[in-house]
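Letter by letter, the chains look like this.
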Amino acid sequence: MGKFDLFNRFSSAVVVVNEDLEVVFKNNFFKRVFPDFENLEKFSHKLNYSVCALVSNNVEVHSPILQAINSPQDFSAHVLYQSSGNDYFYYDMSTTRKGKYLIIVLTDVTAEVGLEKNIQRGQSYQKKIAALENENRTLSKIKQQAQSQAMKLLLLNNISNIIRSSVDSSVILSSALEELSHLFAAFRAYYAVYSKDLAAYIINESLHKKDISRKITFDKQAEREIAEGKVFCSSCMKEFCEAKPFNELVQRVVIPIYHMNNRLGVIVILTKQKTKFDDALEVLDGVSTQLGNAIIQAELYEKDARMVKELKRTLKELQDTQLKLINSEKMASLGQLVAGVAHEINTPIASIKSNNEIATKLISKIKNESVAELLEEINTIDKEAVARINRLVVSLRKFVRLDEAELQEADINKEIDLTLDLIRHETKNRIEIIKNYSDIPPIKCYPNMLNQVFMNILVNATHAIENEGIITIDTNFENNNLIVKIKDNGCGIAEPEKIFFAGYTTKGVGVGTGLGLAISQKIIEKHNGKIDVKSEINVGSEFVITIPSE
(Lines give C-alpha, C1' and ligand atoms only; values in the text may rest on other atoms or scores of the structure.)
Protein backbone atom coordinates (compact mmCIF):
# COMPACT_ATOMS: atom_id res chain seq x y z
CA MET A 1 0.00 0.00 0.00
CA GLY A 2 1.39 3.40 -1.06
CA LYS A 3 1.73 6.25 1.32
CA PHE A 4 -1.05 8.23 -0.41
CA ASP A 5 -3.55 5.36 -0.84
CA LEU A 6 -5.41 6.60 2.21
CA PHE A 7 -6.81 9.42 0.06
CA ASN A 8 -8.68 6.87 -2.06
CA ARG A 9 -11.15 6.62 0.81
CA PHE A 10 -11.98 10.34 0.48
CA SER A 11 -15.24 11.38 -1.16
CA SER A 12 -13.45 14.42 -2.46
CA ALA A 13 -10.94 14.70 -5.29
CA VAL A 14 -7.33 14.68 -4.02
CA VAL A 15 -4.20 15.41 -6.00
CA VAL A 16 -0.64 15.47 -4.57
CA VAL A 17 2.06 17.65 -6.11
CA ASN A 18 5.78 17.57 -5.27
CA GLU A 19 8.08 20.54 -5.07
CA ASP A 20 8.89 20.23 -8.77
CA LEU A 21 5.20 20.74 -9.53
CA GLU A 22 4.83 17.18 -10.64
CA VAL A 23 1.65 15.30 -9.85
CA VAL A 24 2.68 12.26 -7.83
CA PHE A 25 -0.81 11.01 -6.85
CA LYS A 26 -4.47 11.27 -7.88
CA ASN A 27 -7.05 9.43 -5.84
CA ASN A 28 -9.77 7.39 -7.47
CA PHE A 29 -12.43 10.08 -6.96
CA PHE A 30 -10.19 12.61 -8.72
CA LYS A 31 -9.68 10.27 -11.65
CA ARG A 32 -13.42 9.69 -11.93
CA VAL A 33 -14.29 13.37 -11.71
CA PHE A 34 -11.49 14.70 -13.87
CA PRO A 35 -10.89 11.90 -16.45
CA ASP A 36 -9.46 14.35 -19.00
CA PHE A 37 -6.70 15.54 -16.61
CA GLU A 38 -3.35 15.80 -18.43
CA ASN A 39 -1.07 17.97 -16.31
CA LEU A 40 -1.27 20.54 -13.57
CA GLU A 41 -0.72 23.50 -15.89
CA LYS A 42 -3.66 22.71 -18.14
CA PHE A 43 -5.74 21.81 -15.11
CA SER A 44 -4.98 25.19 -13.53
CA HIS A 45 -6.21 26.92 -16.71
CA LYS A 46 -9.62 25.29 -16.27
CA LEU A 47 -9.82 26.14 -12.60
CA ASN A 48 -10.70 29.71 -11.65
CA TYR A 49 -12.12 31.62 -8.75
CA SER A 50 -15.90 31.58 -8.67
CA VAL A 51 -15.75 35.29 -7.88
CA CYS A 52 -13.71 37.38 -10.28
CA ALA A 53 -10.45 38.75 -8.87
CA LEU A 54 -9.22 42.26 -9.36
CA VAL A 55 -8.16 43.20 -12.86
CA SER A 56 -4.41 42.42 -13.13
CA ASN A 57 -1.82 41.29 -15.66
CA ASN A 58 -0.40 38.84 -13.14
CA VAL A 59 -1.57 35.33 -14.09
CA GLU A 60 -1.12 34.06 -10.54
CA VAL A 61 -3.80 36.41 -9.31
CA HIS A 62 -6.38 34.57 -11.45
CA SER A 63 -5.16 30.99 -10.84
CA PRO A 64 -6.12 29.41 -7.48
CA ILE A 65 -3.64 26.48 -8.15
CA LEU A 66 -0.71 28.87 -8.60
CA GLN A 67 -1.78 30.86 -5.57
CA ALA A 68 -1.90 27.64 -3.48
CA ILE A 69 1.52 26.51 -4.74
CA ASN A 70 3.13 29.84 -3.95
CA SER A 71 1.40 30.25 -0.63
CA PRO A 72 3.64 29.34 2.35
CA GLN A 73 0.57 28.60 4.42
CA ASP A 74 -2.50 26.42 4.01
CA PHE A 75 -4.74 27.81 1.35
CA SER A 76 -8.48 27.58 0.69
CA ALA A 77 -10.72 29.02 -1.96
CA HIS A 78 -14.09 28.61 -3.65
CA VAL A 79 -13.33 27.73 -7.27
CA LEU A 80 -15.09 27.13 -10.57
CA TYR A 81 -14.05 24.33 -12.95
CA GLN A 82 -14.90 24.29 -16.66
CA SER A 83 -14.92 20.77 -18.12
CA SER A 84 -14.11 19.82 -21.67
CA GLY A 85 -17.82 19.73 -22.38
CA ASN A 86 -18.07 23.35 -21.20
CA ASP A 87 -20.00 22.35 -18.11
CA TYR A 88 -19.30 24.29 -14.91
CA PHE A 89 -18.75 22.83 -11.46
CA TYR A 90 -18.12 24.48 -8.12
CA TYR A 91 -15.51 23.18 -5.62
CA ASP A 92 -14.20 24.13 -2.23
CA MET A 93 -10.41 23.88 -2.70
CA SER A 94 -8.10 23.48 0.29
CA THR A 95 -4.33 22.82 0.27
CA THR A 96 -2.01 21.48 2.93
CA ARG A 97 1.81 21.15 2.87
CA LYS A 98 3.37 17.96 4.15
CA GLY A 99 7.09 18.21 3.74
CA LYS A 100 7.91 18.53 0.11
CA TYR A 101 4.37 17.66 -0.96
CA LEU A 102 1.37 19.87 -1.55
CA ILE A 103 -1.93 18.07 -1.00
CA ILE A 104 -4.83 19.66 -2.91
CA VAL A 105 -8.36 18.60 -1.93
CA LEU A 106 -11.34 19.54 -4.15
CA THR A 107 -14.77 19.04 -2.55
CA ASP A 108 -17.69 19.24 -5.01
CA VAL A 109 -20.16 21.88 -3.83
CA THR A 110 -21.92 22.32 -7.17
CA ALA A 111 -25.22 21.06 -5.73
CA GLU A 112 -24.95 23.36 -2.71
CA VAL A 113 -24.09 26.31 -4.94
CA GLY A 114 -26.98 25.42 -7.27
CA LEU A 115 -29.28 25.14 -4.28
CA GLU A 116 -28.08 28.44 -2.94
CA LYS A 117 -28.49 30.03 -6.34
CA ASN A 118 -31.93 28.54 -6.64
CA ILE A 119 -32.72 29.85 -3.20
CA GLN A 120 -31.40 33.25 -4.18
CA ARG A 121 -33.26 33.03 -7.47
CA GLY A 122 -36.39 31.99 -5.60
CA GLN A 123 -35.96 34.85 -3.19
CA SER A 124 -35.49 37.16 -6.15
CA TYR A 125 -38.64 35.75 -7.74
CA GLN A 126 -40.49 36.15 -4.46
CA LYS A 127 -39.41 39.77 -4.32
CA LYS A 128 -40.52 40.26 -7.92
CA ILE A 129 -43.83 38.52 -7.19
CA ALA A 130 -44.32 40.68 -4.10
CA ALA A 131 -43.46 43.76 -6.16
CA LEU A 132 -45.90 42.66 -8.89
CA GLU A 133 -48.60 41.95 -6.33
CA ASN A 134 -48.01 45.33 -4.76
CA GLU A 135 -48.09 46.92 -8.22
CA ASN A 136 -51.25 44.98 -9.02
CA ARG A 137 -52.87 46.19 -5.81
CA THR A 138 -51.81 49.71 -6.66
CA LEU A 139 -53.21 49.37 -10.19
CA SER A 140 -56.40 47.82 -8.80
CA LYS A 141 -56.75 50.70 -6.39
CA ILE A 142 -56.08 53.17 -9.20
CA LYS A 143 -58.66 51.34 -11.33
CA GLN A 144 -61.23 51.48 -8.54
CA GLN A 145 -60.48 55.15 -8.03
CA ALA A 146 -60.80 55.75 -11.76
CA GLN A 147 -64.10 53.85 -11.85
CA SER A 148 -65.28 55.75 -8.80
CA GLN A 149 -64.23 59.03 -10.38
CA ALA A 150 -65.94 58.09 -13.65
CA MET A 151 -69.07 57.19 -11.71
CA LYS A 152 -68.96 60.53 -9.90
CA LEU A 153 -68.46 62.43 -13.14
CA LEU A 154 -71.31 60.49 -14.74
CA LEU A 155 -73.55 61.28 -11.79
CA LEU A 156 -72.65 64.96 -11.92
CA ASN A 157 -73.13 65.02 -15.70
CA ASN A 158 -76.52 63.27 -15.49
CA ILE A 159 -77.77 65.58 -12.76
CA SER A 160 -76.43 68.60 -14.69
CA ASN A 161 -78.34 67.42 -17.78
CA ILE A 162 -81.48 66.95 -15.68
CA ILE A 163 -81.16 70.47 -14.28
CA ARG A 164 -80.56 71.95 -17.75
CA SER A 165 -83.45 70.08 -19.36
CA SER A 166 -86.17 70.96 -16.84
CA VAL A 167 -87.45 73.93 -14.87
CA ASP A 168 -89.87 71.84 -12.83
CA SER A 169 -88.52 71.30 -9.30
CA SER A 170 -90.54 68.08 -8.92
CA VAL A 171 -89.05 66.61 -12.11
CA ILE A 172 -85.53 67.68 -11.10
CA LEU A 173 -85.85 66.07 -7.67
CA SER A 174 -87.44 62.86 -8.97
CA SER A 175 -84.75 62.41 -11.62
CA ALA A 176 -81.94 63.20 -9.16
CA LEU A 177 -83.34 60.67 -6.68
CA GLU A 178 -83.41 58.01 -9.39
CA GLU A 179 -79.76 58.68 -10.28
CA LEU A 180 -78.68 58.57 -6.63
CA SER A 181 -80.69 55.39 -6.05
CA HIS A 182 -78.76 53.66 -8.85
CA LEU A 183 -75.44 54.94 -7.50
CA PHE A 184 -76.00 53.54 -4.00
CA ALA A 185 -78.24 50.55 -4.94
CA ALA A 186 -80.79 52.13 -2.61
CA PHE A 187 -84.04 50.50 -1.54
CA ARG A 188 -85.47 53.90 -0.63
CA ALA A 189 -84.63 57.52 -1.42
CA TYR A 190 -86.61 60.68 -0.78
CA TYR A 191 -86.43 64.46 -0.49
CA ALA A 192 -87.76 66.23 2.59
CA VAL A 193 -88.39 69.97 2.47
CA TYR A 194 -87.89 72.21 5.49
CA SER A 195 -90.67 74.57 6.55
CA LYS A 196 -90.13 77.96 8.15
CA ASP A 197 -89.99 76.36 11.62
CA LEU A 198 -87.28 73.93 10.29
CA ALA A 199 -89.65 70.95 10.42
CA ALA A 200 -88.94 68.45 7.63
CA TYR A 201 -91.71 67.02 5.41
CA ILE A 202 -91.25 64.29 2.76
CA ILE A 203 -92.60 65.72 -0.50
CA ASN A 204 -90.85 63.70 -3.22
CA GLU A 205 -89.87 60.05 -3.15
CA SER A 206 -88.28 57.58 -5.53
CA LEU A 207 -88.87 53.82 -5.81
CA HIS A 208 -91.81 53.68 -3.42
CA LYS A 209 -94.54 56.32 -3.56
CA LYS A 210 -95.64 56.54 0.05
CA ASP A 211 -95.41 58.76 3.12
CA ILE A 212 -95.66 61.84 0.92
CA SER A 213 -96.06 65.03 3.03
CA ARG A 214 -95.13 63.09 6.15
CA LYS A 215 -93.38 65.04 8.90
CA ILE A 216 -90.06 63.53 10.06
CA THR A 217 -87.35 64.32 12.62
CA PHE A 218 -83.75 63.07 12.86
CA ASP A 219 -81.57 62.14 15.81
CA LYS A 220 -79.47 64.88 17.43
CA GLN A 221 -76.19 63.86 15.79
CA ALA A 222 -77.78 63.84 12.32
CA GLU A 223 -79.47 67.18 12.99
CA ARG A 224 -76.13 68.74 13.97
CA GLU A 225 -74.45 67.56 10.77
CA ILE A 226 -77.41 68.66 8.64
CA ALA A 227 -77.29 72.08 10.31
CA GLU A 228 -73.58 72.29 9.37
CA GLY A 229 -74.39 71.36 5.76
CA LYS A 230 -72.30 68.17 5.84
CA VAL A 231 -72.92 65.19 3.57
CA PHE A 232 -72.55 62.08 5.76
CA CYS A 233 -73.12 58.34 5.86
CA SER A 234 -73.91 56.32 8.98
CA SER A 235 -75.23 52.91 9.96
CA CYS A 236 -78.64 52.97 11.61
CA MET A 237 -81.58 50.83 12.64
CA LYS A 238 -84.12 53.64 11.99
CA GLU A 239 -84.12 56.09 9.10
CA PHE A 240 -85.71 58.80 11.29
CA CYS A 241 -87.12 59.03 14.79
CA GLU A 242 -90.75 58.30 13.88
CA ALA A 243 -89.94 55.32 11.60
CA LYS A 244 -90.18 51.65 12.51
CA PRO A 245 -86.86 49.86 13.17
CA PHE A 246 -85.26 47.81 10.40
CA ASN A 247 -84.55 44.10 10.78
CA GLU A 248 -80.86 44.76 10.19
CA LEU A 249 -78.39 47.62 10.11
CA VAL A 250 -78.62 49.73 6.97
CA GLN A 251 -76.50 52.57 5.71
CA ARG A 252 -78.11 56.00 5.55
CA VAL A 253 -76.64 58.68 3.29
CA VAL A 254 -77.86 62.20 4.08
CA ILE A 255 -77.37 65.12 1.67
CA PRO A 256 -78.39 68.54 3.03
CA ILE A 257 -79.63 70.92 0.32
CA TYR A 258 -78.78 74.58 0.92
CA HIS A 259 -78.96 77.76 -1.11
CA MET A 260 -76.60 80.33 0.29
CA ASN A 261 -77.25 79.96 4.04
CA ASN A 262 -80.88 78.98 3.58
CA ARG A 263 -81.68 75.36 4.38
CA LEU A 264 -84.05 74.09 1.68
CA GLY A 265 -84.31 70.38 2.40
CA VAL A 266 -82.47 67.09 2.73
CA ILE A 267 -82.08 64.00 0.55
CA VAL A 268 -82.03 60.67 2.41
CA ILE A 269 -80.77 57.47 0.72
CA LEU A 270 -81.10 54.04 2.35
CA THR A 271 -79.03 51.06 1.18
CA LYS A 272 -78.12 47.60 2.45
CA GLN A 273 -74.65 47.73 0.88
CA LYS A 274 -71.85 47.40 3.44
CA THR A 275 -69.10 49.09 1.44
CA LYS A 276 -67.79 52.49 2.44
CA PHE A 277 -68.90 55.47 0.42
CA ASP A 278 -66.14 57.90 1.37
CA ASP A 279 -65.20 58.60 -2.26
CA ALA A 280 -68.81 58.97 -3.33
CA LEU A 281 -69.59 61.35 -0.48
CA GLU A 282 -67.04 63.83 -1.82
CA VAL A 283 -68.88 64.28 -5.09
CA LEU A 284 -72.23 64.68 -3.32
CA ASP A 285 -71.14 68.10 -2.05
CA GLY A 286 -71.20 69.26 -5.67
CA VAL A 287 -74.57 67.55 -6.21
CA SER A 288 -75.94 69.34 -3.14
CA THR A 289 -74.85 72.73 -4.45
CA GLN A 290 -76.22 72.07 -7.95
CA LEU A 291 -79.58 70.90 -6.63
CA GLY A 292 -79.85 73.85 -4.26
CA ASN A 293 -79.33 76.31 -7.11
CA ALA A 294 -81.64 74.33 -9.42
CA ILE A 295 -84.48 74.19 -6.87
CA ILE A 296 -84.33 77.95 -6.28
CA GLN A 297 -84.22 78.65 -10.04
CA ALA A 298 -87.15 76.27 -10.63
CA GLU A 299 -89.17 77.90 -7.85
CA LEU A 300 -88.46 81.35 -9.31
CA TYR A 301 -89.47 80.12 -12.76
CA GLU A 302 -92.65 78.54 -11.39
CA LYS A 303 -93.43 81.76 -9.53
CA ASP A 304 -92.88 83.76 -12.73
CA ALA A 305 -95.01 81.28 -14.68
CA ARG A 306 -97.82 81.63 -12.13
CA MET A 307 -97.51 85.42 -12.32
CA VAL A 308 -97.61 85.34 -16.13
CA LYS A 309 -100.64 83.05 -16.00
CA GLU A 310 -102.33 85.38 -13.53
CA LEU A 311 -101.52 88.39 -15.71
CA LYS A 312 -102.92 86.62 -18.77
CA ARG A 313 -106.07 85.76 -16.84
CA THR A 314 -106.37 89.36 -15.65
CA LEU A 315 -105.78 90.62 -19.20
CA LYS A 316 -108.48 88.28 -20.52
CA GLU A 317 -110.87 89.50 -17.82
CA LEU A 318 -110.08 93.09 -18.79
CA GLN A 319 -110.71 92.29 -22.45
CA ASP A 320 -113.98 90.57 -21.54
CA THR A 321 -114.96 93.54 -19.41
CA GLN A 322 -114.06 95.86 -22.26
CA LEU A 323 -116.27 93.86 -24.64
CA LYS A 324 -119.10 93.94 -22.11
CA LEU A 325 -118.70 97.68 -21.65
CA ILE A 326 -118.67 98.20 -25.40
CA ASN A 327 -121.72 95.96 -25.74
CA SER A 328 -123.54 97.66 -22.87
CA GLU A 329 -122.73 101.11 -24.21
CA LYS A 330 -123.76 100.04 -27.68
CA MET A 331 -127.06 98.60 -26.48
CA ALA A 332 -127.71 101.58 -24.21
CA SER A 333 -127.09 104.01 -27.08
CA LEU A 334 -129.21 101.89 -29.42
CA GLY A 335 -131.97 101.75 -26.82
CA GLN A 336 -131.98 105.47 -26.36
CA LEU A 337 -131.93 106.00 -30.12
CA VAL A 338 -134.78 103.51 -30.69
CA ALA A 339 -136.82 105.04 -27.86
CA GLY A 340 -136.35 108.50 -29.36
CA VAL A 341 -137.09 107.35 -32.92
CA ALA A 342 -140.18 105.42 -31.75
CA HIS A 343 -141.45 108.49 -29.93
CA GLU A 344 -140.83 110.71 -32.94
CA ILE A 345 -142.50 108.22 -35.28
CA ASN A 346 -145.54 107.64 -33.06
CA THR A 347 -146.66 111.31 -33.21
CA PRO A 348 -146.96 111.63 -37.01
CA ILE A 349 -148.26 108.08 -37.28
CA ALA A 350 -151.02 108.92 -34.80
CA SER A 351 -151.97 111.90 -36.96
CA ILE A 352 -151.95 109.80 -40.13
CA LYS A 353 -154.03 107.13 -38.42
CA SER A 354 -156.55 109.74 -37.24
CA ASN A 355 -156.73 111.27 -40.70
CA ASN A 356 -157.16 107.82 -42.17
CA GLU A 357 -160.19 107.21 -39.94
CA ILE A 358 -161.71 110.61 -40.91
CA ALA A 359 -161.08 109.85 -44.57
CA THR A 360 -162.89 106.51 -44.19
CA LYS A 361 -166.00 108.31 -42.94
CA LEU A 362 -165.85 110.93 -45.69
CA ILE A 363 -165.37 108.43 -48.50
CA SER A 364 -168.71 106.82 -47.72
CA LYS A 365 -170.39 110.16 -48.46
CA ILE A 366 -168.86 110.67 -51.89
CA LYS A 367 -171.43 110.04 -54.60
CA ASN A 368 -168.99 109.60 -57.47
CA GLU A 369 -168.29 105.89 -57.32
CA SER A 370 -165.05 105.96 -59.32
CA VAL A 371 -163.61 108.70 -57.11
CA ALA A 372 -164.85 106.88 -54.00
CA GLU A 373 -163.19 103.59 -55.09
CA LEU A 374 -159.88 105.38 -55.82
CA LEU A 375 -159.88 107.10 -52.44
CA GLU A 376 -160.86 103.82 -50.74
CA GLU A 377 -157.89 102.04 -52.35
CA ILE A 378 -155.51 104.86 -51.31
CA ASN A 379 -156.92 104.85 -47.79
CA THR A 380 -156.46 101.07 -47.51
CA ILE A 381 -152.81 101.32 -48.63
CA ASP A 382 -152.20 104.09 -46.04
CA LYS A 383 -153.85 101.97 -43.34
CA GLU A 384 -151.53 98.99 -44.14
CA ALA A 385 -148.45 101.29 -44.18
CA VAL A 386 -149.41 102.71 -40.77
CA ALA A 387 -149.84 99.15 -39.40
CA ARG A 388 -146.45 98.09 -40.81
CA ILE A 389 -144.73 101.13 -39.28
CA ASN A 390 -146.35 100.28 -35.94
CA ARG A 391 -145.07 96.68 -36.12
CA LEU A 392 -141.53 97.88 -36.96
CA VAL A 393 -141.53 100.26 -33.98
CA VAL A 394 -142.73 97.47 -31.69
CA SER A 395 -139.99 95.13 -33.04
CA LEU A 396 -137.30 97.74 -32.39
CA ARG A 397 -138.53 98.28 -28.85
CA LYS A 398 -138.61 94.54 -28.20
CA PHE A 399 -135.12 94.04 -29.68
CA VAL A 400 -133.40 96.48 -27.35
CA ARG A 401 -135.47 95.53 -24.26
CA LEU A 402 -133.80 98.00 -21.95
CA ASP A 403 -136.16 96.88 -19.19
CA GLU A 404 -135.43 93.13 -19.66
CA ALA A 405 -131.97 92.53 -18.16
CA GLU A 406 -133.03 89.52 -16.08
CA LEU A 407 -133.40 85.88 -17.07
CA GLN A 408 -136.84 85.09 -18.50
CA GLU A 409 -138.53 82.50 -20.63
CA ALA A 410 -138.62 83.20 -24.35
CA ASP A 411 -139.77 81.51 -27.55
CA ILE A 412 -136.58 81.37 -29.61
CA ASN A 413 -138.48 80.84 -32.88
CA LYS A 414 -140.30 84.16 -32.32
CA GLU A 415 -137.06 85.88 -31.31
CA ILE A 416 -135.43 84.79 -34.58
CA ASP A 417 -138.48 86.05 -36.52
CA LEU A 418 -138.21 89.35 -34.71
CA THR A 419 -134.57 89.67 -35.81
CA LEU A 420 -135.49 88.73 -39.39
CA ASP A 421 -138.06 91.54 -39.43
CA LEU A 422 -135.36 94.04 -38.50
CA ILE A 423 -133.03 92.93 -41.32
CA ARG A 424 -135.74 92.61 -43.95
CA HIS A 425 -134.13 95.45 -45.90
CA GLU A 426 -130.97 93.30 -46.22
CA THR A 427 -132.82 90.22 -47.50
CA LYS A 428 -135.79 91.63 -49.47
CA ASN A 429 -135.88 90.50 -53.11
CA ARG A 430 -132.31 89.09 -52.80
CA ILE A 431 -131.99 86.36 -50.21
CA GLU A 432 -134.40 83.48 -49.59
CA ILE A 433 -134.94 82.64 -45.91
CA ILE A 434 -135.70 78.95 -45.29
CA LYS A 435 -137.07 78.27 -41.78
CA ASN A 436 -136.91 74.73 -40.40
CA TYR A 437 -138.37 75.48 -36.99
CA SER A 438 -139.07 72.64 -34.56
CA ASP A 439 -141.67 72.71 -31.82
CA ILE A 440 -139.34 73.81 -29.04
CA PRO A 441 -140.31 74.77 -25.48
CA PRO A 442 -139.60 78.22 -24.06
CA ILE A 443 -136.18 78.46 -22.45
CA LYS A 444 -134.82 80.74 -19.77
CA CYS A 445 -132.43 83.25 -21.31
CA TYR A 446 -131.55 86.91 -21.83
CA PRO A 447 -133.67 87.51 -24.97
CA ASN A 448 -132.14 90.88 -25.86
CA MET A 449 -128.65 89.36 -25.75
CA LEU A 450 -129.61 86.35 -27.91
CA ASN A 451 -131.28 88.71 -30.40
CA GLN A 452 -127.95 90.50 -30.68
CA VAL A 453 -126.25 87.14 -31.43
CA PHE A 454 -128.84 86.26 -34.10
CA MET A 455 -128.52 89.76 -35.54
CA ASN A 456 -124.70 89.55 -35.80
CA ILE A 457 -124.77 86.12 -37.48
CA LEU A 458 -127.63 86.92 -39.89
CA VAL A 459 -126.20 90.30 -40.93
CA ASN A 460 -122.80 88.68 -41.54
CA ALA A 461 -124.56 86.01 -43.62
CA THR A 462 -126.30 88.64 -45.78
CA HIS A 463 -122.97 90.42 -46.31
CA ALA A 464 -121.30 87.12 -47.30
CA ILE A 465 -123.87 86.65 -50.10
CA GLU A 466 -122.92 89.03 -52.90
CA ASN A 467 -125.95 88.73 -55.15
CA GLU A 468 -128.75 86.22 -54.57
CA GLY A 469 -128.55 83.39 -52.08
CA ILE A 470 -130.12 81.29 -49.38
CA ILE A 471 -130.02 81.44 -45.58
CA THR A 472 -131.30 78.32 -43.80
CA ILE A 473 -132.31 78.45 -40.13
CA ASP A 474 -132.89 75.23 -38.14
CA THR A 475 -134.06 75.05 -34.52
CA ASN A 476 -134.15 71.84 -32.45
CA PHE A 477 -134.39 70.71 -28.85
CA GLU A 478 -132.29 67.63 -28.03
CA ASN A 479 -131.16 66.22 -24.67
CA ASN A 480 -132.35 69.37 -22.85
CA ASN A 481 -130.29 71.52 -25.22
CA LEU A 482 -131.53 74.22 -27.57
CA ILE A 483 -129.73 73.92 -30.93
CA VAL A 484 -129.89 76.74 -33.49
CA LYS A 485 -128.17 76.34 -36.86
CA ILE A 486 -127.78 79.29 -39.27
CA LYS A 487 -126.33 78.36 -42.66
CA ASP A 488 -125.60 80.49 -45.73
CA ASN A 489 -124.22 79.79 -49.21
CA GLY A 490 -122.01 82.87 -49.26
CA CYS A 491 -118.29 83.34 -49.94
CA GLY A 492 -117.08 81.48 -46.81
CA ILE A 493 -114.40 82.38 -44.25
CA ALA A 494 -110.67 81.88 -44.89
CA GLU A 495 -109.69 81.45 -41.21
CA PRO A 496 -112.80 80.35 -39.29
CA GLU A 497 -110.74 79.52 -36.17
CA LYS A 498 -110.00 83.28 -35.73
CA ILE A 499 -113.43 84.82 -36.13
CA PHE A 500 -114.21 84.83 -32.40
CA PHE A 501 -111.02 86.82 -31.61
CA ALA A 502 -111.72 90.42 -30.66
CA GLY A 503 -110.62 92.75 -33.47
CA TYR A 504 -110.57 90.08 -36.21
CA THR A 505 -112.76 90.98 -39.23
CA THR A 506 -113.08 89.83 -42.83
CA LYS A 507 -114.65 93.13 -43.86
CA GLY A 508 -112.81 96.16 -45.14
CA VAL A 509 -111.29 98.94 -43.06
CA GLY A 510 -114.02 101.14 -41.59
CA VAL A 511 -116.72 98.53 -42.32
CA GLY A 512 -116.26 95.95 -39.56
CA THR A 513 -114.95 96.34 -35.99
CA GLY A 514 -114.21 92.64 -35.34
CA LEU A 515 -116.24 92.75 -32.10
CA GLY A 516 -119.61 91.33 -33.20
CA LEU A 517 -118.79 87.61 -33.06
CA ALA A 518 -116.44 88.02 -30.08
CA ILE A 519 -119.35 89.59 -28.17
CA SER A 520 -121.67 86.86 -29.47
CA GLN A 521 -119.36 84.16 -28.10
CA LYS A 522 -119.33 85.85 -24.68
CA ILE A 523 -123.12 86.05 -24.70
CA ILE A 524 -123.45 82.33 -25.50
CA GLU A 525 -120.89 81.49 -22.78
CA LYS A 526 -122.95 83.61 -20.37
CA HIS A 527 -125.80 81.16 -21.15
CA ASN A 528 -123.37 78.23 -20.39
CA GLY A 529 -123.54 77.28 -24.03
CA LYS A 530 -121.18 77.15 -26.98
CA ILE A 531 -121.02 78.46 -30.54
CA ASP A 532 -119.18 76.63 -33.33
CA VAL A 533 -118.55 77.46 -36.97
CA LYS A 534 -117.82 75.42 -40.07
CA SER A 535 -116.87 77.23 -43.26
CA GLU A 536 -115.54 76.55 -46.74
CA ILE A 537 -114.42 79.13 -49.27
CA ASN A 538 -117.01 79.70 -52.06
CA VAL A 539 -119.35 77.16 -50.43
CA GLY A 540 -120.65 78.94 -47.33
CA SER A 541 -120.64 78.96 -43.56
CA GLU A 542 -122.71 77.36 -40.82
CA PHE A 543 -122.96 78.54 -37.20
CA VAL A 544 -124.21 76.09 -34.58
CA ILE A 545 -125.41 77.48 -31.24
CA THR A 546 -126.01 75.08 -28.34
CA ILE A 547 -127.61 76.35 -25.13
CA PRO A 548 -128.61 74.10 -22.19
CA SER A 549 -132.16 74.64 -20.97
CA GLU A 550 -131.16 74.35 -17.31
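You'll find the structure just up there.
Residues numbered from 1 in each chain as written. Predicted model: local features only at pLDDT ≥ 70, side-chain atom pairs only at ≥ 80, totals over all residues. Heavy atoms only, no water.

**Thoughts on the overall build of the protein**
- Counting secondary structure elements, the protein contains 13 helices and 19 strands.
- Considering only contacts within the protein whose residues lie at least 6 apart along the sequence, 57% involve residues at least 24 apart.
- For the protein, the computed accessible surface area is about 33,300 Å², with 53% contributed by carbon and sulfur atoms. (Helix = DSSP H or I, 4+ residues; strand = E, 2+ residues; numbered from the N terminus. Contact = heavy atoms within 4.5 Å. Areas by Shrake-Rupley, 256 points an atom, 1.4 Å probe, with all protein chains shown as cover.)

**Digging into the packing of helix H12 (residues 447-464) against helix H13 (residues 516-526)**
- In contact at an axis separation of 9 Å, H12 and H13 are set at 145° when each is read in the N-to-C sense. The two elements H12 and H13 meet at a crossing, and its hand is left-handed. Facing Met-449, Leu-450, Gln-452, Val-453, Asn-456, Ile-457 and Asn-460 of H12, the residues of H13 in contact are Gly-516, Leu-517, Ile-519, Ser-520, Ile-523, Ile-524 and Lys-526.
- When its residues are assigned to classes, the contact of H12 with H13 shows 8 nonpolar, 5 polar and 1 charged. (Axes fitted to C-alpha atoms, helices over the stretch in contact; angles between N-to-C directions. Left-handed = near helix turned anticlockwise from the far one by under 90°. Nonpolar A, V, L, I, M, F, W, Y, C, P; charged D, E, K, R; others polar.)

**Points about the sheet that holds strand E14 (residues 431-436)**
- The strand order E14-E16-E17-E19-E18 describes an open sheet built from 5 strands, whose pairing is mixed. Single-partner strands in this sheet number two, and they are E14 and strand E18 (530-536). Going from strand to strand, the sheet's axes swing by 10° on average, the running direction of each strand aside.
- When E18 meets strand E19 (residues 540-548), the two strands line up antiparallel, connected through 7 bridges. Bridging across to E19, Lys-530 finds its partner in Thr-546.
- Of the strands in this sheet, E14, strand E16 (469-478), strand E17 (481-488), E18 and E19 touch H12, which is tilted by about 20° from E17.
- In this fold H13 packs onto E18 and E19, with an angle of close to 25° to the strand it touches most, E19. (Pairing = 2+ DSSP bridges.)

**What to know about the state of the cysteines**
- Evaluated as defined, the whole model comprises 0 disulfides.
- Cys-236 supplies the cysteine sulfur nearest to Cys-233, a cysteine that is in no disulfide, at a spacing of 8.8 Å. (Disulfide = S-S within 2.5 Å.)

**Considering the side chain of Ser-520**
- Along the chain, Ser-520 turns up in helix H13.
- Excluding its chain neighbours within four sequence positions, the residues that come into contact with Ser-520 are Val-453 and Asn-456.

**Focus on unusual backbone geometry**
- We note that Leu-21 has phi near 65°; this positive angle belongs to a residue other than glycine.
- Position of Leu-21 relative to the elements: it lies in the loop between strand E1 (13-17) and strand E2 (23-26).
- Residue classification places Leu-21 among the partly exposed residues on the basis of a relative accessible area of 45%.
- A positive phi angle, close to 65°, is found at Asn-538, a residue other than glycine.
- In this structure, Asn-538 sits in the loop between E18 and E19.
- According to the relative accessible area criterion, Asn-538 is exposed, its value standing at 67%. (Buried < 20%, exposed > 50% of the residue type's maximum accessible area, 1.4 Å probe, protein only.)

**Here's the deal with the side chain of Asn-451**
- Inspection of the secondary structure puts Asn-451 in helix H12.
- Here Glu-415 takes part through its side chain, which lies 3.0 Å from a polar atom of the side chain of Asn-451. (Polar contact = N/O pair within 3.5 Å; in protein donor to acceptor, adjacent residues only side chain to side chain.)

**Focus on the pairing of E2**
- The pairing of E1 with E2 spans 3 bridges and is classified as antiparallel. Note that in E2 the partner of Val-17 across the bridge is Val-23.
- Between the end of E1 and the start of E2, which pair antiparallel, lie 5 residues, with Leu-21 showing a positive phi angle near 65°.

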